[in-house]
Amino acid sequence: MTAPLTPSQPPHEPERNPFQAPRTPDAATSPAGPGGYGWPQQDEEGGPGPRREIGQAAVIMVAVAVSGVLLGLLWLWLAPRVPLIADKQAVYLKDTEGEQAIGVDGTFTLLGLAFGFVTALVVFLVRRRGGIPLVVGLGLGSLLGAVLAWRAGVWLGPETDVVAHARSVGRGVVFDAPLELKAKGVLLAWPVAAMVTHLVLTALFGPRDPEPVYSPYGAGAERG
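All of these numbers come straight from a predicted model, not from anything done at the bench. (Residues numbered from 1 in each chain as written. Predicted model: local features only at pLDDT ≥ 70, side-chain atom pairs only at ≥ 80, totals over all residues. Heavy atoms only, no water.)

## Remarks on the environment of Arg-81
Cut-off, in case you're wondering: The helix count covers DSSP runs of H or I at least four residues long, the strand count covers runs of E at least two residues long, and both are numbered beginning at the N terminus. Using a 1.4 Å probe on the protein chains alone, a residue whose accessible area is under 20% of its type maximum counts as buried, one over 50% counts as exposed, and one in between counts as partly exposed. Definition of a polar contact: a pair of N or O atoms within 3.5 Å, with one able to donate and the other able to accept a hydrogen when the atoms are protein atoms, and with sequence-neighbouring residues admitted only if both atoms are side-chain atoms.
Within the element layout of this structure, Arg-81 appears in the loop between helix 2 (68–78) and strand 2 (83–86). Look at Arg-81 and you get partly exposed, because its relative accessible area is 30%. In this structure, the C-alpha to C-alpha distance between Arg-81 and Asp-176, residues 95 residues apart in sequence, is 6.0 Å. A polar side-chain atom of Arg-81 sits 2.9 Å from the main-chain carbonyl oxygen of Ala-79.

Shown next, in the form of C-alpha cells:
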C-alpha cells in the first residue's frame with residue numbers, strides 16, 4: 001500500500017462574493033439591514049418606540065398643565081391689587097394714574113417665563129433623548145397650564161362682579177378689582193420660554209446621533 005501523492009484537501013467551499021451580504025434568515029430584520037448599512041435602530045439601543053414616546057408626551061403634557069395651578073396661586077399672591085371705589089353713580093379707579101393694572105400683566109409674564117424655564121429643564125433631565133412628541137407635549141402642556149393659571153387666579157381672586165362687590169362694601173369704601181389680563185398675549189410667555197429653553201438644552205447637552213456605518217462586505221462579513 002502506498003501513501004497518497006497529494007495531501008487530503010478540505011471540502012470545497014463556495015467562493016464568497018465580497019459585495020454581497022450573506023443570506024441569513026433574519027437578514028431583513030437585522031440591525032444592519034439586508035444591504036449591510038449599519039443604521040442604528042432606536043428600539044434596539046434601549047430608546048422608546050413611537051407608542052411609548054406618545055404616552056410619555058401625554059403624561060408630560062398633563063403634568064405641566066396641572067402645574068399651572070401653582071402659577072395661578074403665585075400670581076394671585078404676588079400681583080399688585082387695583083384699588084376701586086364707588087359712589088352713588090359708578091365705580092372708579094381710586095388711583096387713576098396708578099400702574100397696578102400693568103403690574104398684574106407683568107407679574108404673570110415673569111412667572112410664565114420662570115415656569116417655562118423650570119418645566120423645560122425638568123423635562124430635559126427626565127427625558128434627555130427628546131423627540132417630536134415630547135416637545136409637542138411640553139408646548140401644549142405649557143399653553144394649557146398658562147390658561148389654567150389665568151382662570152385659577154381669577155376664580156380664587158377678588159369678586160368678579162364689581163357692581164355687586166361695590167354694593168356689599170358700601171359707598172366710599174376702597175376694594176380690590178378682580179384679577180384680569182389686559183393683554184392675553186402674555187399667556188404665550190410660558191410655552192415660548194419652555195420651547196426656547198428646551199431647544200437650547202437639547203442643542204448644548206442632548207445626545208448626538210451616531211454616524212451610520214457602511215460595510216462594503218455586508219452584514220456579518222467580519223464573522224468567519
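Moving on from the model shown.
## Considering the nonpolar core
To be explicit about the condition: For this analysis, a nonpolar core means a set of buried residues of the types Ala, Val, Leu, Ile, Met, Phe, Trp, Tyr and Cys, connected via side-chain atoms within 4.5 Å. Whether two residues are in contact is decided by their heavy atoms, any of which lying within 4.5 Å being enough.
Grouped together as the largest cluster of nonpolar side chains are 30 residues, with contacts concentrated most on Leu-71, Trp-75, Phe-108, Trp-150, Leu-181 and Trp-190. If you list the elements that add at least two residues to this core, you get helix 1 (50–66), helix 2, strand 2, helix 3 (100–126), helix 4 (132–156) and helix 6 (189–205). Setting aside its immediate chain neighbours within four residues, Leu-71 contacts Phe-108, Leu-111, Gly-112, Phe-115, Ala-149 and Trp-190.

## Some thoughts on the pattern of salt bridges
Two side chains of opposite charge can pair, provided their charged atoms sit close to one another. Defined as follows: Any Lys or Arg side-chain nitrogen found within 4 Å of a carboxyl oxygen on Asp or Glu counts as a salt bridge.
All chains considered together, the criterion is met by two salt bridges. The partner of Arg-81 in a salt bridge is Asp-176, and the shortest N-O contact between them spans 4.0 Å. Residue Arg-81 is found in the loop between helix 2 and strand 2, and its partner Asp-176 is found in strand 4 (residues 175–176); the two are separated by 95 residues along the sequence. Residues Glu-180 and Lys-182 are paired through a salt bridge, measuring 3.0 Å at the closest nitrogen-oxygen approach. Note on Lys-182: relative accessible area 55%, which makes it exposed.

## With respect to the side chain of His-198
Along the polypeptide, His-198 turns up in helix 6. Leaving out residues up to four positions away in the same chain, His-198 has contacts with Ala-120, Val-123, Phe-124, Leu-134, Val-135 and Leu-138.

## What about the confidence of the model for the chain?
Defined as follows: What pLDDT expresses is the predictor's confidence in each residue, scored from 0 to 100.
Within the chain, residue pLDDT values average 78, and 70% of them lie at 70 or more. Predicted confidence is poor over residues 25–46, with pLDDT under 50, and the contacts of this stretch with residues over four places away or in other chains come to 33 contacts.

## What to know about a nonpolar patch on the surface
Spelled out, the test is: Each patch is built from residues lacking any salt bridge and having more than 30% relative accessible area; the joining distance is 9 Å for like charges and 5 Å for nonpolar side chains (Val, Leu, Ile, Met, Phe, Trp, Tyr). Surface exposure here means Shrake-Rupley accessible area, sampled with a 1.4 Å probe, where a residue is shielded only by the protein chains that are shown.
Residues Leu-143, Val-147, Leu-188, Val-192, Val-196, Val-200, Leu-204 and Phe-205 make up a contiguous nonpolar surface patch of roughly 690 Å² in combined accessible area. Breaking the nonpolar patch down by element, the ones donating at least two residues are helix 4 and helix 6.

## Quick notes on the packing of aromatic side chains
Applied cut-off: Working definition: a ring pair exists when centres of Phe, Tyr or Trp rings (six-membered ring for Trp) sit within 6.5 Å. Plane angles under 30 degrees give stacked, over 60 give edge-to-face, the rest tilted. Comment: the charge-over-ring label is applied if NZ (Lys) or CZ (Arg) is within 6 Å of the ring centre and within 35 degrees of the ring normal.
The tally for this structure, following the rule as stated, stands at two aromatic pairs. Between Trp-75 and Phe-108 the ring centres are 5.1 Å apart and the planes differ by 80°, which places this aromatic pair in the edge-to-face class. Placement of Trp-75 in helix 2 and of Phe-108 in helix 3 is noted, with a sequence separation of 33 residues between them. You'll find Trp-75 and Phe-108 in the same group, each marked buried. Centre to centre, the rings of Phe-115 and Trp-190 are 5.4 Å apart; their planes meet at 70°, and the pair counts as edge-to-face. Residue Phe-115 is located in helix 3, and its partner Trp-190 is located in helix 6; the two are separated by 75 residues in the primary sequence. Each member of the pair, Phe-115 as well as Trp-190, is classed as buried. Taking the ring centre of Trp-150 as reference, the NZ or CZ of Arg-151 above it sits at 4.8 Å.

## Regarding the environment of Arg-127
Within the secondary structure layout, Arg-127 lies in the loop between helix 3 and helix 4. Spatially, the C-alpha atom of Arg-127 lies 9.9 Å from that of Gly-206, the residues being 79 residues apart in sequence.

## Considerations on the packing of helix 3 against helix 4
Condition: Between N-to-C directions, angles span 0 to 180 degrees; the directions come from axes that are lines fitted to C-alpha atoms, helices contributing only their stretch in contact. Each angle receives one of four descriptions, namely roughly parallel if under 35 degrees, roughly antiparallel if over 145, roughly perpendicular if within 65 to 115, and oblique otherwise. Put simply, a crossing is left-handed when the front helix is turned counterclockwise from the back one by less than a right angle, and right-handed when it is turned clockwise. Three categories are distinguished: nonpolar for Ala, Val, Leu, Ile, Met, Phe, Trp, Tyr, Cys and Pro, charged for Asp, Glu, Lys and Arg, and polar for the others, with Gly belonging to the last.
Between helix 3 and helix 4, whose axes approach to 11 Å, the crossing angle comes to 150°. Our classification of the angle between helix 3 and helix 4 gives roughly antiparallel. Considering how the two elements wind past one another, helix 3 and helix 4 form a crossing that is right-handed. Contacts between helix 3 and helix 4 involve Phe-108, Thr-119, Ala-120 and Val-123 from the first element and Leu-134, Leu-138, Ala-146, Ala-149 and Trp-150 from the second. Considering only residue class, the contact of helix 3 with helix 4 consists of eight nonpolar, one polar and no charged.

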